[in-house]
Every structure is written in C-alpha cells, then in structure tokens.
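Okay, here's what each chain looks like letter by letter:
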Amino acid sequence: MANYLGNWDPAEGVTSPHYRVFVNAYEALVGYRLGTLELEPVLAERWEVSRDLKTYTFFLRSGVKFHDGSTLTASDVKNSLDRIIAEKKTPASYLTSVARVSVIGPRTVRVQLKGPSATFLDAVTRAYVHKVPSGVKVASGQNWFVKGVNGTGPYKLVEDVPEDHMVFERHRAYWRGWPDGALDRVVLRVVPEVATRRILLERGEVDGIDYIFEEAPSVYQQRGAKVFLAPGLRTYVMNMNNVGGRTANINFRKAITFAFPYEKLRSVFYQLAQTPNGFLPPGYPGYDASLPTFRQDFAKAKEALAKAGYPNGGVTIKMMFFRGEEQGRRMALLLQEALKQLNVNVEITEAAFPAILKALNEAKGENGVEIIAHLLMSPLTADASSYLRLLFGSVNAGQPYNWSLYSNPEVDRLLDRAEITADRAAREKLLKQAHARILRDYVLVYTAWVTPVANIFSQRVTRFTYHPLEYSGVPYFYGIRVKNP
Amino acid sequence: MIMVLWAITVVVFLLWKLVPGDPARTLLGLEASQQHVETLRKEMSLDQPFYVQYYSYVKRLWRLDLGNSYRTRQPVSEDIARFFPATLELALATMLAYVMLSVPLGILIAVHKGRPVDVLVRSVATLGAGAPVFWSGILLQMLFFYRLGWLPIAGRFDLGLPEPHRVTGMLTLDSLLARDMNAFWVATKYMVLPVLASVVSYLAVGVKVTRVMLIETLERDFIRTARAKGLRERVVLYKHALRNAMIPIVTAFGVQFGYLLGGAVVIETVFAWPGLGRYAVGSITSLDIPAILGVTLVISLIFLVMNFLVDVLYASLDPRIRFE
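These lines cover the structure that appears in this document, whether it is placed above or below. Please read all numbers here as calculations on a predicted model, not as lab measurements.

## Considerations on the overall build of chain B
And step 1. Summing up its helical and strand segments, chain B has 14 helices and zero strands in all.
And step 2. Counting helices and strands in the order they occur from the N terminus, chain B gives α-α-α-α-α-α-α-α-α-α-α-α-α-α.
And step 3. Its C-alpha atoms give chain B principal-axis dimensions of roughly 85 × 55 × 40 Å.
And step 4. Going through the 324 residues of chain B one by one, you find that 48% of them count as buried.
And step 5. For chain B, long-range pairs separated by at least 24 residues make up 70% of all intrachain contacts whose partners lie at least 6 apart in sequence.
And step 6. Carbon and sulfur atoms provide 67% of the accessible area of chain B, an area that totals close to 16600 Å².
And step 7. Here chain B carries 31 positive and 23 negative side-chain charges, and the mean point of each set is 9 Å from the other.

Next comes the structure, spelled out in structure tokens:
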C-alpha cells in the first residue's frame, strides 16, 4: 500500500487507508453484496420499515462475535450509531437524518428518523458497529478506537506498526464461516515509492499493490503480474465556477464543455476510461443511456462563446489543479491546448488543498477562479440522491464537494422527492430528471468515467472481486483466493 | 540557543498563520457540516486573536506539549518519539559510513594530488553527488535486491521475526542490548541500501573538503618545519597536518549530519523507512499543523545541538580554543 494514516476510528475515518481497515475488520447492519449495488443483510438478518419511511427496525443476527469474543447485542449497535453521530465527524454525515436510536430487545434496534427516507439503508452501510473490548478500561478523554480495532468483520488487526506494516488475521469465530482457500493472514506493507512497489511485485515478495495509473496495466502484465479489470463507478470532473469569473455565464461553461478533448484524455488513463454522457455512470442509479455522449465540437463551442459575449475569444481564464496529481495536470494542459483554438487563454496554477479552499471562499465576483480543481468522484453508497446532492445540492454550495457553488431549487426538489420515494422505478425517474436538469446547466465538465478499474496482483491470486462502492486500493480480503494460502 | 529557539517558534507560528486553509475543516473532514467546523474552531481557539493563539502555543511548548496530531490523533511528542529513533539510527549509521569512507579517501587523494587515483576518486564521488538520491536509491535496489537478491529492498526489519525489545527504538542498538545477534544482523541488513544511497550522494563533499583542507595544511610552514626535523611522513600527516585540518572538516560533517536528519524524507520514501521524514510528509499532505510544527522544532533543535557539539569538538581539536 502507498499510504498509512494511523487512526482507525470508524466514527472519524473516510479515506481509503481507513476503509482498508474498516471493510475488513468492521461490519454494518446492512451491506452491499460484494461486487454489486444490491443491499444484503449483514449484522441485521432482517429489517422492517414503517409506512411513513420514518422508522427502521433492525433484527440482529444471533451468535455474531466481536474480535474480543463478546457477542453482538442491540446495545452495541445503539452505542455505535450514537457515538458516530456524537463525534460529528464526516461519517456522521451518513446519519444526519437520525432522530433517535432505541434498543427494543436484546437483538432488536429501532431507528427513528427526523423525516421520511427511502434511502436510509444505503446510509447505514457506512455506519460500522464497533465497541471497546470487554475488560479494557479507557481513561477519560482518551479515544480507544484511534489505535484499537474491535469489530465483527472477518479479519482482526493483530499488529500495527505505524508507517511500516499492518498484520490482519482471520477472526476464527466469524459468523459467515471460512470457505476453502480464504486468506489466513494478510500483511499490508507501507511502500510509498511506486518503483519499489513494482520491484517487490515482480520479485514475488508481495501479492498485490496499489495502482494509481503510474503505468499502463499492460506493463505489469508483461512483467508477469495478473490484472483484474472490473467495472467502476468513478467520474472525473472539472469544477467550473458557477457564481464567479467568466464561467458564471452558462454559455461560457457550455463553450468549455464542447471544447474539451474527451478522446485525448482517454490516453491519460491508458484507455481505462470512457467518454461520459453525464455525471452518473453506467450501472449506477439514475444513469440514463439515452443521453448523448460528450464529444469535442468546436463549432458548438464557438457558438456558445459568441453567445457568452466573446465571439472572437480574446479572454483569459484561471484554472487550478491539485498539486502533485498527474492526471489533473494533464487534464489542465489538454483544456489549455483546446481553448487556445478558440483564442481563450488558460492560466494554470498548481495548488495545494488550502489554496484551493481559499479560491472557493473567493469564488464569487468577476475575479473568481473559473476552474477550481478537478475531482475524481466515487460513490460510497448506492444512494444517488445523496451522491448528487453532495455535488449539486444547494445546501452544499461552496462546501465539499459542490465546488462549483451550484444551486438550483428545482434540482433540490427532485432530489428531496427521490429520497422519500420508496418505489424504485419512480425514484429512478426522479433521479434521471434531476440528472438531466443538472446537465442542462453545464455545471461541471464531465471529463471521463474511469472504468474499468485495474487491480494488480501476483499470479498467486486466483480470485479477486472489486467492489465498485469502495475506493480503489481497498480490497475485501474475505473475497480473495490464492494458490496455497 | 534559547533565543534562536524562540525565534524559530515565532517563524514557524507565523508560517502556520500564513498557510491558507482551515485546520478545523482539515480535522473534521470534507463532508462535515459548517456548523461542526465552527464549533471546533472555537474549541481550538482559532477564533481568538493571533497573539492569544501564540501565547497559548508557547505556554504549551513550555510544558513540552506539542499538541495532538490531526492525522494520528496522538500527542505529537509521542509520534515524534516513535518515529525519531528510526531516523536517528539511519543518520548515525550513514554518518559513520560517510566519515569512515570520506576521510581516508580524502587523505589518500590529498597525498596523491594530481595523480590518477586523485582524478578517479574525485570523478566517482562527483558522479555520485550529481545523481539524485531517489535515482541512485532505485538503482541500488535493482542491483542488490532485484538482480542479486542479497539485500532487502525496503522496510526496517523482517516481518516474520519478532523485533527486539524496544529500549532506544534503534533496532540495531536494541538487538545488541538484548544480545540478539540474529536481530542485529537483520536490522543491519535493512540499513545497508539506504545508508549506501545517502553516502553515495554525500561522499563528494566529505572527500573534497578533507582533500582541500589537508593540501592547504600540508603546504604550511609548520609542516615544512616538521619534515625538516626529520619526522616520519606518517607522523607529519596524521599528527600535525590532519589534526590542524580537522576543524573545517568537522564543521562540514556537523552541518551534514543536520541535513541528514532534516533531509531524510526522500531516502525514507524510497526505502519505505518508517522514520520522521515519512511522518513529516504525511503531516504536510494532511495539513497536520501541530505535527508539522513539532517536526520543524525538533529538527531545528537538532541543528542547534549539532552546532553546539561541533563547537565543543573544536576545543578538543585545537587547544587554543577555550570556552568561557
């Protein structure tokens, strides 16, 4: 693995190094069947939803053991959810709709919501159940979960040497049981340098490495590695400033959208990318196959630019991309080259995160930066209404990740309605309407769907299932099979 | 020293204030609500005037409290105590190899000034200094791990083996204390490549400084007198010339030791060495201000201590120098 964080609190962590631990050591009441977007019972063997969509009652599986050997109870679930909410960190954002969690019986928990929600089960998939091991005394003000891991997941963390390695071993009493060929022990080594990782893989010292587009997967294949390609749900976008700079004008945004060289960008991802037709990718709720695929069209770009008041170009726009991100840099250069043909100059700034936050704070007005960074978006649940709200909801304008500061009451209404619509087909229709409305506003440049996703392993690995709702570099150990485990 | 340290705290604190970005937002995560961010800003006194924040910062420093890391949630002092021994161990081993190689080589080429061995050693050392350390590091990995399979490529210890009981945090030293020669051998093996990569890039400085200072000293009158007295060349070289040439050499080595500690980032990244450099990189990318400030202070303190030690060494090398 390329990076390490050193804080394993499920009430705090939201990045790939966190999820590497969470998905293997912790579990939620509900989850997604591995490799799909279908909900399945996990710690809750079943649930009931009230007709008004405001009350969810979960019936827990019996005999589920934590890593410390204690048995899962309804109180453990209540304590976990309450703690996540009380900590007020990012994972709490999945549970903002919760009004109250109550223990109904030893294995029954009731969650009362503030308002109706048809998508609460999706949110619950990211609320990991955790507890301090029995017999462990935690001093006041101390947070045991920063270093300690005690969940019900298939693997327990038995060794954690910061910035060096982590060792996971089977949780023998795991409730799903242990199939033949499952991994006994998993060692994650922290190796930040890509060349070192590749050498280790080639020499057979490791069985898998993090892959972040440093080289084409074929290069690894030629050197004897096994590449698992799986459909992904990641969308690469460039955030156009909707409230300031030249891009406050919808026609200017339209011109940029038509000028972007989508086909050329695919080579940046070694052809592991598709030209999109919108934000929501194939396989995800709300995806609309009938929408036209984006393509570079200078005639339309010129027409839009003229409508924006720049028939002959002659204007300069500012663009920022994240420092150190090669794909962002190349995307910026591609746009710069394309807009030159419209006589639009792009001033590119490589910026660290704080500088980008500053640009967001100063986005309004004529001097606002027109393109404020790129984002590689990846949904963590199958709830498309929340996913769209994150990027396009008025409530998030200027907040992560609505970095375009987009706001449209009609979109808000459609997303709110989708969230309380239990009927799948009706919800899908609403999502498609919201998505189409967003596209008509040319909010972002949707530059690529990054799919398929490449996962690089040694020839020893015989089975690996990529989960599209996880970050890349977050393998589910339980689904991996190797020769001679 | 105290004045310099105080100045460092001011500069570091000012730099922190100049960095755009909100530590509270960084701490809570991107998706946390603005209301939560504001509450935390108050808790962290970020809504207080600048001088109040600086005052509370210095007050905590006085109690050796460097604050808590946003990233690891641990006290920064504990994090530094965990990571620093690995960096110190590597720096000490590098310094040892560096001095043992560069001083004899410097003497050799000073004595044989202008001859083929002089040209050869200087050329090779300059080539090493010209190659970026990450590049020479990867080349060494390719040769000694990938091709020959003699040395481990990265890390600090065999994952299957139990580490020696932690006393100093330096694995070689701890294994010696535990009288575990196998562990000592394993820990040493892991150090060879990073040490070699560092020495390759620093060697030219040590060799050339030694050479130049020795040549200059060998041409001075007292050396001519020593030779005229009929002293043996070995005595002239080691007892008279080298000792007099040592002050600038020690100064250069002292400064370089500080650079070794401060510049461990690249070598620790290439060789996956879990030291302070890696901790610093992780802290910088996460905008972990307390950790960045803590590491900066510690590295600055080490520079100061090294300067002090070099000054002390002057007195033992040159009897004319005395401290009052």
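## Overview of the packing of aromatic side chains
All names here are of chain A.
And step 1. In the structure shown here, the tally under the stated rule is 42 aromatic pairs over all chains.
And step 2. Between F279 and Y446 the ring centres are 6.3 Å apart and the planes differ by 55°, which places this aromatic pair in the tilted class. Of this pair, F279 sits in the loop between helix 7 (262-268) and helix 8 (298-307) while Y446 is found in strand 16 (residues 444-450), placing the two residues 167 residues apart along the sequence. Neither F279 nor Y446 differs from the other in exposure class; each is buried.

## Section: the pairing of strand 12 (residues 234-240) of chain A
Residues and elements named next belong to chain A.
And step 1. Counting buried positions along strand 12 gives seven out of seven residues, so the element sits mostly inside the fold.
And step 2. Residues R234, Y236, M238 and M240 of strand 12 are buried on one face, and the alternating residues T235, V237 and N239, pointing to the opposite face, are buried as well.
And step 3. As paired strands, strand 12 and strand 16 are joined by six bridges and run antiparallel to one another. In the sheet register, T235 faces strand 16, and the bridge partner there is W449.

## Observations concerning the interface of chain A and chain B
And step 1. The interface is formed by 39 residues belonging to chain A together with 36 residues belonging to chain B.
And step 2. Here chain A packs against chain B, burying approximately 3400 Å² in sum over the two surfaces, 63% of which is carbon and sulfur.
And step 3. Where chain A touches chain B, the interface holds three salt bridges.
And step 4. R71 of chain B is the partner of E163 of chain A in a salt bridge, and the nearest nitrogen-oxygen pair spans 3.5 Å.
And step 5. Secondary structure elements with two or more residues in the side of chain A that touches chain B: strand 9 (185-189), helix 4 (194-202) and helix 10 (353-361) of chain A.
And step 6. Tallied by class, the residues present in the side of chain A that touches chain B amount to 20 nonpolar, seven polar and 12 charged.

How each quantity is defined
Residues numbered from 1 in each chain as written. Chains lettered and ligands numbered in written order. Predicted model: local features only at pLDDT ≥ 70, side-chain atom pairs only at ≥ 80, totals over all residues. Heavy atoms only, no water. Helix = DSSP H or I, 4+ residues; strand = E, 2+ residues; numbered from the N terminus. Buried < 20%, exposed > 50% of the residue type's maximum accessible area, 1.4 Å probe, protein only. Contact = heavy atoms within 4.5 Å. Areas by Shrake-Rupley, 256 points an atom, 1.4 Å probe, with all protein chains shown as cover. Lys, Arg positive; Asp, Glu negative; His and termini not counted. Charge placed at Lys NZ, Arg CZ, Asp CG, Glu CD. Phe/Tyr/Trp six-rings, centres within 6.5 Å; stacked < 30°, edge-to-face > 60°. Pairing = 2+ DSSP bridges. Buried area = accessible area lost by both parts, 1.4 Å probe. Salt bridge = Lys/Arg side-chain N within 4 Å of Asp/Glu carboxyl O. Nonpolar A, V, L, I, M, F, W, Y, C, P; charged D, E, K, R; others polar.

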